[in-house]
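The residues making up each chain are set out below.
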Amino acid sequence: MAADGAKTDYDVLVVGAGVGGMESALTLGDMGFKVLVVEKEPSVGGRMILLSKVFPTLDCASCISTPKMAAVNNHPNVRTLVYSEVDDITPVGDGAFKVRLTRKPTFVDAAKCTGCALCEPACTVAVPDEFNYDLAARRAAHIAFPQAVPKKAIITRVGTSPCSFSCPAGVKPHGYISLVRSGQYDKAFRQHLDDAPLVGVLSRACYAPCEDQCSRAELEGTVPIRGIKRFMADRYYAGHPAPEYGPPTERRGQRVAVVGSGPAGLAAAFFLGRNGYDVTVFEADREPGGIMRWGIPSYRLPKEVLARDLANITALGVRIETAHPVTSLKALRESGFDAVFVAAGDRGGRKLSVPGEELPGVIDSMEFLHRVNDGQAPDVAGKAVVVIGGGNVAIDSARSALRLGARSVRLYCLESRTEMPAHPWEVQEAEDEGVVITNSWGVGQVVGYDRRVSGVELIRCTSVFDAEHRFRPTFDPTVRETVPGEVLITAIGLSPNTQAFATELALRRNGTIEVDPETLATSMAGVFAGGDAVTGPTMIVTSIGQGKRAAFHIDRFLRKAPDDGLRFDDRLPVADRSAVAARAREHGTRRDPIPIVRLPVAERLTSFAPYELAMGEAAARASANRCLDCGVCSECRECVAACPADAIDLDMRARHEAVTVGSVALATGFSPFDARQKPAFGFGRFANVITGPQMDRILAPTRPFNAVVRPSDGKAPTNVAFLLCAGSRDEQVGNRLCSRVCCMYSMKQAQLLMGAIPLADVTIYYIDIRAFGKGYEEFFQQTKGMGVYFTRGKVSRVEETDSNDLIVHYEDIEGDGGPKEARHDLVVLATGLLPNQGAFRLFPEGAPEKDAHSYVRETNEELEPGRTSLPGVFVIGSATAVRDIPDTILHSEAASAQIAAYLKRREPKPPLPIEPASIEVPVLVPRAEAKA
Amino acid sequence: MTGKEYLRNLGEVLRDELYERDRVAAALREGPKTIPELATTLRVPAPEVTKWVMAMRRYGRVRDLPKARSEDYYRYQLAEETP
């Protein structure tokens, strides 16, 4: 219960912790009221803490601000929430308000973070530093500014980068791309390995769904993510012929069996092995690898790459027993395994089910590729080969047949060109190599001659899918064609390898294993399943994701983790790639993709050697530098490694709260004028045209540069111009108000500049000087006395010279008159302050009224400062009018008194004795008397 | 006059620091340099080099040397490199 006795959680909500908000919170807290302060930035202090000094006393802004910042953060009656937003404020009757707010995730455990800032140099993403008004870079992992209160790191994340979001295996391409960009190649590899094993395999044979989602694809073309991965994997393996690690020392003492050594099984084994489980992989074939060893030709995936990837798994102590088929899961469990993961993959191709299919010369694609990969390829040299199917396996078979010397290879499939399941670039490469692809044909029968296949009778396929996009091919039986062929390779789909478990596990109609989609648990306790045996034929990277998911839930199963709803995959929503691309278009440079080099076709067809060449270091790094950092944080986890306090928590998510308050104080401050609205002054075009707030940062002890230097080339400026009224008192930009502070802060900056660079010439271009406050006129005279030139003249435009100096064109009002120009090496635009419209959005059921200039209107600013049109809602400082710091302090104190009075009036009163007979005529009494 | 229409995309310039910093470091290994000297060596615009050098300085890779009052430019040198 709040101090006023009303049933609210807090007496006052203060929105904004700038100087006004802090002052009000402290005053009300000192009075005994319970105050909640909500600040959207990661530190209290507002804009004042970013100033160099304050006028007219030239006191250090930090020295004044930091005690208040610490006080508001530690006051017993004040609860301060930084990096939080008020979502909405609604009245709930009896003068109170319900406040919904969001505590944005900082991704750093504030209780653990010591503010050491070691995460900053480790971070691999650079972004403009808003606390230095974009003059310099900061990292995604950062502490807002040196005097931040609380001094805790935060990590900027605006979602999961689309590449990382799209990876079924949970690989974070953005992470390793950012590491490659900064030349940390081995770290990039290790980061990938942390997310998923089989890095070498994926670098060669992944279909890279990440590249389809790359925001750069909306500009010049996708970042070649797989190519970059190939570079880092090749480089790492060249430098590390054996794994860097051994089995984990901490053992779980439980055994897990994995059935099948394809990508799903190996991924599960990797993660379980890394977790300390004793893992045995049972493989029916005589070599491990499943589809990766037997299904993918060497020109796409060299077997030595697979072997090196396998070493990363067996190094963890994982045993792989080959030539060991599993026929009973029950027996496997009873032999001492605490859990089983079934990843048996596919057993072979589906049948055409047409006459003639049993003829010699007809071969299933999986058998064909198995024999090719086993060094026992069927003899197709000089023969006409026909391939049936439109998927990647069909394409692999066709291209392999060409490499085996086939006279011709013709591929027929049901699908039209655009419907083919094979990836378009693979289809194109097959055609480049000489495969003739003919679409929209099905097989009527296999034609034989002399008890061998001699051709195929084809039937025109009129459609492949029905209206619901289910596979329901239809044919025109009147259109038939027979094509010759001495070898027929069928590649029309794969069957799951689950027959052995049909009596033990619940299977679907298509033979795949039925599982819980989240946990991958099967119908048998302790048995999980994944990969093609569950999903049907899919990509390697999807199967790795299945294995990873299974390992997560098998671990939970074995640890008997409570059913707390913890999910395997809890990524942040995907970042908006269109918005990212749009931002990149704003004066971004065109950076075309560096093409991956492939061997000439004639050279390719002479062997099964890889035809795609690895990127060199320069190309890989330049390609990585095309990344747009869509989600800002790349999830490279370098900050995790660097943090000595183990404070980084990338799984942190937003938290929502609802509280009730007795009153609301809006201390939402002002919005700075965007100097780009005055294009004639050159801000955003000329490096040495900066704004007043930027100049304050340059002059501050915590400045972004090493000294007072100009942004174009680090030169100490010797001739600086200040242009007053840049965006204020200006109908052209819709702001006819005087900003009240620009004259004074420009004079302050001029004085500080002359202190920093005594030889500098400083000129202030002004219309008139408004030095209205206590000590302001003296400050003006002091500035003049120091030798600052005051030129009364309206500046029309600024131009830049080849040496980045600036020519200021102005109309001389006091001197000779007429248009003049002057050369300076730095121009400071004294930009003004605008009303912050954010406060009005907080009230869905009716916001406080605005004044004529769109500030929050005070209903009676002379007699009741801070009161708004909404009872119980008050406004503080520059949220209601432009104010300098002394005026803001004064106003916040006045408003605090109003708030206190309001809260006191809300205190419950003892009921008056009711004497009905005596209350017949209403009696008007003075307000003060009535309160008493 | 330059007749410039805009400065290059700020986010892109700042990202480039992570890509270019090895080149900046290599140039500074030859000896301390001012930003215009670095810009000439690297053949990139000085305003962008300023951004990169200041970021490298902020994160401890570069430090500035004292400047005489008569000099216009500070010189920057490589901070001790960590292995």
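This structure is a prediction, so every number in the text was calculated from the model and none was measured.

S.K.: Report on the overall build of chain A, specifying residues and quantitative values.
M.R.: Check the secondary structure of chain A and you find 27 helices and 37 strands. Along the first, second and third principal axes, the C-alpha set of chain A runs to 115 × 85 × 60 Å. For chain A, the share of sequence-separated contacts (at least 6 apart) that also reach a separation of at least 24 residues comes to 72%.

S.K.: An account of unusual backbone geometry is requested, with residue identities and associated values reported.
M.R.: Residues and elements named next belong to chain A. In this chain, Phe55 is followed by Pro56 through a cis amide linkage whose omega measures -5°. Note on placement: Pro56 falls in the loop between strand S3 (53–54) and strand S4 (59–60). With an omega dihedral of 0°, the bond running from Val149 to Pro150 counts as a cis peptide bond. Its location among the elements puts Pro150 in the loop between strand S10 (141–142) and strand S11 (154–155). Backbone geometry places Leu58, a non-glycine residue, at a positive phi of 60°. With respect to the helices, strands and loops of the structure, Leu58 is situated in the loop between S3 and S4. Note on Leu58: 15 C-beta atoms within 10 Å, which makes it partly exposed. Positive phi is not limited to glycine here, since His587 has a value of about 65°. Tracing the backbone through its elements, the reader meets His587 in the loop between helix H19 (577–585) and helix H20 (601–604).

S.K.: Quick rundown of the sheet that holds strand S26 (residues 527–529) of chain A? Include the residues and the values.
M.R.: Residue and element names in this part refer to chain A. Strand order in this open sheet of 5 strands is S14-S13-S12-S15-S26, and the pairing throughout is parallel. Looking at the sheet topology across the chains shown, the edges are occupied by strand S14 (319–321) and S26. When the angles between neighbouring strand axes are averaged without regard to direction, this sheet yields 20°. For strand S15 (residues 339–342) and S26, the ladder comprises 3 bridges, and the chain directions are parallel. When the bridges of S26 are listed, Val342 appears paired with Ala529. Across the face of the sheet, helix H18 (residues 540–558) comes into contact with strand S12 (255–259), S15 and S26 while running at roughly 165° to S15.

S.K.: Residues and numbers for the pairing of strand S5 (residues 78–81) of chain A, please.
M.R.: All names here are of chain A. Judged by which residues are buried, S5 turns out to be one-sided: Val78 and Thr80 face inward and are buried, whereas Arg79 and Leu81, on the alternate face, are not. As judged from the 4 bridges shared by strand S2 (residues 35–38) and S5, these two strands associate in the parallel manner. Note that in S5 the partner of Leu36 across the bridge is Arg79.

S.K.: Account for the interface of chain B and chain A, naming residues and giving values.
M.R.: Across the contact, 35 residues belong to chain B and 40 residues belong to chain A. Every element with two or more residues in the side of chain B that touches chain A is listed here: helix H1 (10–29), helix H2 (35–42) and helix H3 (46–58) of chain B. It is H1 of chain B that contributes the most residues to the side of chain B that touches chain A, 10 residues altogether. Partitioning the side of chain B that touches chain A into residue classes produces 16 nonpolar, 6 polar and 13 charged.

S.K.: Please provide a residue-by-residue account of the confidence of the model for chain A, values included.
M.R.: All names here are of chain A. Across chain A, the average pLDDT comes to 94, with 97% of residues at 70 or higher. Low pLDDT (under 50) marks residues 918–925, which in the prediction has 1 contact with non-local residues, meaning those over four places away or in another chain. Confidence over residues 928–932 falls short of pLDDT 50; this stretch has 1 contact with residues more than four positions distant or in other chains.

S.K.: Pulling in residues and values, what's your account of the environment of Lys715 of chain A?
M.R.: Inspection of the secondary structure puts Lys715 of chain A in the loop between helix H23 (692–699) and strand S30 (719–726). The residues contacting Lys715 of chain A, other than those within four sequence positions of it, are Val709, Arg710 and Asp825 of chain A together with Asp72 and Tyr73 of chain B.

S.K.: Residues and numbers for helix H24 (residues 742–756) of chain A, please.
M.R.: Residues and elements named next belong to chain A. Compared with the 21 Å implied by 1.5 Å per residue over 15 residues, the 20 Å span of H24 between its first and last C-alpha is a close match. The buried fraction of H24 is high, at 11 of 15 residues. Of the positions making up H24, those classed as buried are Cys742, Cys743, Met744, Tyr745, Ser746, Met747, Lys748, Gln749, Ala750, Gln751 and Leu753. In this structure, the buried side of H24 is in contact with S3, H23, S30, strand S31 (761–766), helix H25 (776–785) and strand S35 (826–831).

S.K.: Tell me about the nonpolar core, and please be specific about residues and values.
M.R.: Counting residues in each nonpolar core, the largest one holds 155 residues, and the members touching the most others are Leu13, Ala665, Leu666 and Leu723 of chain A. In this structure, Leu666 of chain A is in contact with Val15, Ala839, Val856, Val873, Phe874, Val875, Ile876 and Ala879 of chain A, ignoring residues within four places of it in sequence.

S.K.: For the sheet that holds strand S21 (residues 441–449) of chain A, give the residues involved together with the corresponding values.
M.R.: Residue and element names in this part refer to chain A. The 3 strands are arranged S21-S22-S23 in an open sheet whose pairing can be described as antiparallel. Bordering the open sheet on either side are S21 and strand S23 (471–484), each of which pairs with just one other strand. Pairs of neighbouring strands in the sheet enclose a mean axial angle of 25°, with direction left out of account.

S.K.: Hey, could you go over the environment of Val393 of chain A for me, with residue numbers and the actual values?
M.R.: Residue and element names in this part refer to chain A. Within the secondary structure, Val393 sits in helix H15 (residues 392–403). Separated by 456 residues in the primary sequence, Val393 and Glu849 have C-alpha atoms spaced 68 Å apart. With sequence-adjacent residues up to four places away left out, Val393 is seen in contact with Ser365 and Ala491.

S.K.: Could you give me a rundown of the packing of H2 of chain B against H3 of chain B, with the residues and numbers involved?
M.R.: All names here are of chain B. Packing of H2 against H3 brings their axes to within 9 Å, and their N-to-C directions diverge by 110°. Viewed along their axes, H2 and H3 adopt a mutual orientation that is roughly perpendicular. Here H2 runs over H3; the crossing is right-handed. Two secondary-structure elements touch here, H2 through Ile35, Pro36, Leu38, Ala39 and Leu42 and H3 through Ala46, Val49, Thr50 and Val53. In terms of residue class, the contact of H2 with H3 is made up of 8 nonpolar, 1 polar and no charged.

S.K.: So what about the confidence of the model for chain B? Which residues, and what values?
M.R.: All names here are of chain B. With 92% of its residues at a pLDDT of at least 70, chain B reaches an overall mean of 92. Across chain B, H2 holds the top mean pLDDT of 98, while strand S1 (residues 62–64) sits lowest at 96. Reported for the predicted complex are a pTM of 0.93 and an ipTM of 0.96.

S.K.: Now, about the packing of helix H6 (residues 185–195) of chain A against helix H9 (residues 225–239) of chain A: what can you tell me, with residues and values included?
M.R.: Residue and element names in this part refer to chain A. Two elements in contact, H6 and H9, have axes whose closest approach is 9 Å; the angle formed by their N-to-C orientations is 105°. One finds that H6 runs roughly perpendicular with respect to H9. Residue-level inspection shows Tyr185, Asp186, Ala188, Phe189 and His192 of H6 in contact with H9, the latter providing Lys229, Met232, Ala233, Arg235 and Tyr236. Considered class by class, the residues forming the contact of H6 with H9 number 6 nonpolar, 1 polar and 3 charged.

Cut-offs applied
Residues numbered from 1 in each chain as written. Chains lettered and ligands numbered in written order. Predicted model: local features only at pLDDT ≥ 70, side-chain atom pairs only at ≥ 80, totals over all residues. Helix = DSSP H or I, 4+ residues; strand = E, 2+ residues; numbered from the N terminus. Contact = placed C-beta atoms within 7 Å. Buried ≥ 20, exposed ≤ 12 C-beta atoms within 10 Å, placed from the backbone. Pairing = 2+ DSSP bridges. Axes fitted to C-alpha atoms, helices over the stretch in contact; angles between N-to-C directions. Nonpolar A, V, L, I, M, F, W, Y, C, P; charged D, E, K, R; others polar. pLDDT = per-residue confidence, 0-100. Expected span 1.5 Å × (residues − 1). Core = buried A, V, L, I, M, F, W, Y, C linked by C-beta atoms within 7 Å. Parallel < 35°, antiparallel > 145°, perpendicular 65-115°, else oblique. Left-handed = near helix turned anticlockwise from the far one by under 90°.

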